[in-house]
Amino acid sequence: MSTPGKSGTTGTAGPDDLAGLEAQEAALVLPHFTYEDAWTLGTILTGLARERRAPVAIDVRRGAQRLFHCALPGSSADNDAWIERKRRVVERYGVSSFLVGARFRAKGTTFELSSRLDPDRFAAHGGSFPLTVEGAGVVGAVTVSGLPQAEDHALVVLGLERLLSSYRSRGDAAG
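Colleague: I'd like a rundown of the overall build of the chain, residues and numbers included.
Modeller: Across its full length, the chain carries 6 helices and 5 strands. Taken over the C-alpha trace, the chain has a radius of gyration of 15 Å; the compact-globule value for 175 residues is 16 Å, and the two agree within 12%. With the principal axes as the frame, the chain shows a C-alpha extent of 45 × 35 × 30 Å. Across the chain, the fraction of contacts at a sequence separation of at least 24, relative to all contacts at a separation of at least 6, is 67%. Put simply, the chain shows about 8,000 Å² of open surface, and 51% of that area lies on carbon and sulfur atoms.

Written out as structure tokens, the structure is:
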């Protein structure tokens, strides 16, 4: 299985690279996010995961509504539980689950020890990323579960980069 590598404008950021993770958040702002966009993002991620034979589950939500979900061979119901836990972190903090974990580590602690949140409901592990729309803020989350956390995160980032690239090719103003 290959790891998602450096690509597009945001590249890859490690688990303790706060500046790199924050730059990803700033760069991956969408001009809009429609039902069609959710389908496009989900299929982009599914294609990337299949190319890598990655045993992942993929989830795309806008608000409380699930707009896309896919479970690939090798994934399990445990991945769906991880998706829920990582997504709750994005919803609470408004940034990627990977960045939240990195911020706690930068303070010399862990999310589990210091957040005061139930670890059965919240997980600051890489793989969930906010869907941020220019002028509107965070409108949802895209989440991947099944790989090591840095790889889950990198796969989501690559998917969002490809979605933004598709906007540019269509001539969307902010994309």
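Colleague: Which residues make up the packing of helix α1 (residues 18–27) against helix α4 (residues 97–106), and what values go with them?
Modeller: Put simply, α1 and α4 touch, their axes get as near as 10 Å, and they point 150° apart. Between α1 and α4, the crossing angle belongs to the class labelled roughly antiparallel. As for how α1 packs across α4, the hand of that crossing is left-handed. Contacts between α1 and α4 involve Leu18, Leu21, Glu22 and Glu25 from the first element and Phe98, Leu99, Ala102, Arg103 and Ala106 from the second. Looking at the contact of α1 with α4, its residues break down into 6 nonpolar, no polar and 3 charged.

Colleague: Describe the nonpolar core, listing the residues and the values that go with them.
Modeller: Judged by nonpolar contacts, the single largest core of 31 residues is most densely connected at Phe33, Leu41, Val56, Val60, Leu131, Val142 and Leu160. For this core, the elements supplying multiple residues, two or more each, are α2 (35–52), β2 (57–62), β3 (65–71), β4 (128–133), β5 (137–145) and α6 (149–170). Broken down by element, the residue count for this core peaks at 8 residues, all from α6. Look past the residues within four positions of leucine 41 in its chain and what remains in contact with it is Phe33, Val60, Leu131, Val142, Gly159, Leu160 and Leu163. Of all hydrophobic cores here, the second largest spans 13 residues; its members include Val89, Val95, Val100 and Phe122.

Colleague: Break down the sheet that holds β4 for me, with residues and values.
Modeller: Across the sheet, which stays open at both edges, the 5 strands sit in the order β1-β4-β5-β2-β3 with mixed pairing between neighbours. With one partner strand each, in any of the chains shown, β1 (29–30) and β3 form the two edges of the open sheet. Relative to β5, β4 runs antiparallel, the two being bridged by 6 bridges. Pairing of threonine 132 across the sheet is with valine 138, part of β5.

Colleague: So, the environment of serine 115: which residues are in play, and what are the values?
Modeller: One can find serine 115 in the loop between α5 (111–114) and β4. In this structure serine 115 comes out as buried when scored by relative accessible area, which is 13%. Between the C-alpha atom of serine 115 and that of aspartate 17, which follows or precedes it by 98 residues, the distance is 20 Å. Once residues within four sequence positions are removed from consideration, serine 115 is found in contact with Tyr93, Phe104 and Thr110. Polar side-chain contacts of serine 115 include one of 2.9 Å to the backbone oxygen of phenylalanine 111. A distance of 3.1 Å separates a polar atom in the side chain of serine 115 from the backbone nitrogen of leucine 117.

About the criteria used
- Residues numbered from 1 in each chain as written.
- Predicted model: local features only at pLDDT ≥ 70, side-chain atom pairs only at ≥ 80, totals over all residues.
- Heavy atoms only, no water.
- Helix = DSSP H or I, 4+ residues; strand = E, 2+ residues; numbered from the N terminus.
- Rg over C-alpha atoms; globule rule 2.2 N^0.38 Å.
- Contact = heavy atoms within 4.5 Å.
- Areas by Shrake-Rupley, 256 points an atom, 1.4 Å probe, with all protein chains shown as cover.
- Axes fitted to C-alpha atoms, helices over the stretch in contact; angles between N-to-C directions.
- Parallel < 35°, antiparallel > 145°, perpendicular 65-115°, else oblique.
- Left-handed = near helix turned anticlockwise from the far one by under 90°.
- Nonpolar A, V, L, I, M, F, W, Y, C, P; charged D, E, K, R; others polar.
- Core = buried A, V, L, I, M, F, W, Y, C linked by side-chain atoms within 4.5 Å.
- Buried < 20%, exposed > 50% of the residue type's maximum accessible area, 1.4 Å probe, protein only.
- Pairing = 2+ DSSP bridges.
- Polar contact = N/O pair within 3.5 Å; in protein donor to acceptor, adjacent residues only side chain to side chain.

What is shown is where atoms sit, not what they do.
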